[in-house]
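As a plain string of letters, each chain reads:
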Amino acid sequence: MTPTTASPSPSSAASTVPTVMIVDDSRVSRLVARQYILGLHADWTVVEAANGEEALAKAPEARPQLVLMDVNMPGMGGLACAEQLRKLLPDAHISLLTANVQDATRARAGEIGVGFMEKPITEERIARLVAPLAG
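The structure presented is a predicted model; accordingly, all values stated were derived computationally and were not measured.

So, how was this worked out
- Residues numbered from 1 in each chain as written.
- Predicted model: local features only at pLDDT ≥ 70, side-chain atom pairs only at ≥ 80, totals over all residues.
- Heavy atoms only, no water.
- Axes fitted to C-alpha atoms, helices over the stretch in contact; angles between N-to-C directions.
- Helix = DSSP H or I, 4+ residues; strand = E, 2+ residues; numbered from the N terminus.
- Parallel < 35°, antiparallel > 145°, perpendicular 65-115°, else oblique.
- Contact = heavy atoms within 4.5 Å.
- Nonpolar A, V, L, I, M, F, W, Y, C, P; charged D, E, K, R; others polar.
- Pairing = 2+ DSSP bridges.
- Buried < 20%, exposed > 50% of the residue type's maximum accessible area, 1.4 Å probe, protein only.
- Right-handed = clockwise from strand over helix to strand, strands pointing away.
- Left-handed = near helix turned anticlockwise from the far one by under 90°.
- Salt bridge = Lys/Arg side-chain N within 4 Å of Asp/Glu carboxyl O.

A. Representation of the packing of helix α3 (residues 52-62) against helix α4 (residues 78-88) within the structure. Between α3 and α4, the least distance of the axes is 10 Å, while the angle of their chain directions is 10°. Classified by the angle between their axes, α3 and α4 sit roughly parallel to one another. Here Gly52, Ala55, Leu56, Ala59 and Pro60 of α3 come into contact with α4, specifically with Cys81, Gln84, Leu85 and Leu88. Split into classes, the residues belonging to the contact of α3 with α4 amount to 7 nonpolar, 2 polar and no charged.

B. Examining the sheet that holds strand β2 (residues 45-49) more closely. Taken in spatial order, the 5 strands line up as β2-β1-β3-β4-β5 in an open sheet, and their pairing is parallel. At either end of the open sheet lies a strand with only one pairing partner, and these are β2 and β5 (115-118). Geometrically, the sheet is characterised by an average inter-axis angle of 20° between neighbouring strands, direction not taken into account. Pairing analysis gives 4 bridges linking strand β3 (residues 66-69) to strand β4 (residues 93-98), with the strands arranged parallel. By the bridge assignment, Leu66 is partnered in β4 with His93. Contacting β4 and β5, helix α5 (residues 103-111) crosses the sheet at an angle of about 150° to β5.

C. Here's a closer look at the pairing of β2. Judged by how many residues are buried, β2 sits mostly within the fold: 4 of 5 residues are covered. With 5 bridges joining them, strand β1 (residues 19-23) and β2 adopt parallel strand pairing. Counted as the bridge partner of Thr19 is Thr45 from β2. Crossover handedness for the path β1 to helix α2 (residues 27-40) to β2: right-handed.

D. Layout of the packing of α2 against helix α6 (residues 123-134). Packing of α2 against α6 leaves a shortest axis separation of 9 Å and a crossing angle of 60°. When the axis of α2 is compared with that of α6, the two are oblique. As α2 runs across α6, the sense of the crossing is right-handed. Within the contact between the two elements, α2 uses Ala33, Tyr36, Ile37 and Leu40 and α6 uses Glu123, Ile126, Ala127 and Val130. Its residues assigned to classes, the contact of α2 with α6 shows 7 nonpolar, no polar and 1 charged.

E. Here's a closer look at the pairing of β5. In this sheet, β5 lies alongside β4 in parallel orientation, the contact comprising 4 bridges. For Thr98, the partnering residue across the bridge sits in β5 and is Glu118. The parallel pair β4 and β5 is bridged by α5, and the resulting crossover is right-handed.

F. Layout of the pattern of salt bridges. A complete count under the given rule lists 9 salt bridges for this structure. Note that Asp24 is salt-bridged to Lys119, the shortest N-O span being 2.7 Å. Within this pair, whereas Asp24 is found in the loop between β1 and α2, its partner Lys119 is found in the loop between β5 and α6, the two being separated by 95 residues in sequence. Between Arg30 and Glu48 there is a salt bridge, with the nearest N and O atoms lying 3.1 Å from each other. In this pair, Arg30 is assigned in helix α2 and Glu48 in strand β2, connecting sequence segments 18 residues apart. The same class applies to Arg30 and to Glu48, which are both buried. Salt bridges here are not isolated pairs; linked through shared partners, they connect Asp24, Asp70 and Lys119.

Taken by themselves, the reported measurements are silent on function.
Quick look at the structure:
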């Protein structure tokens, strides 16, 4: 009997498509980021959350490889959420995308191992953030 190799199933191929989570209390910011991401990679999955609590609730099922997170949001802010997501998703790329450019915010982001990019959201900034997932 000769050995055979199985071809990948459609479901396993689909699991290789990156998932990006956008966490921002501004619906407009989420929509702009989504539009830029899907403009670059139409087959990717984009999940949205309006605050830290919602992001933590969605993350276990979504398992995003990249999280774009605002800092200043009602309820749980971005730094606190990023800290918890870092534990939940140790291999995910997490980047704060914020207008809050204080040195203390940048320093704290570095301490917890997350990136930092200033708003406004632009197509160029989004392209740099998603580049590591594009292969």
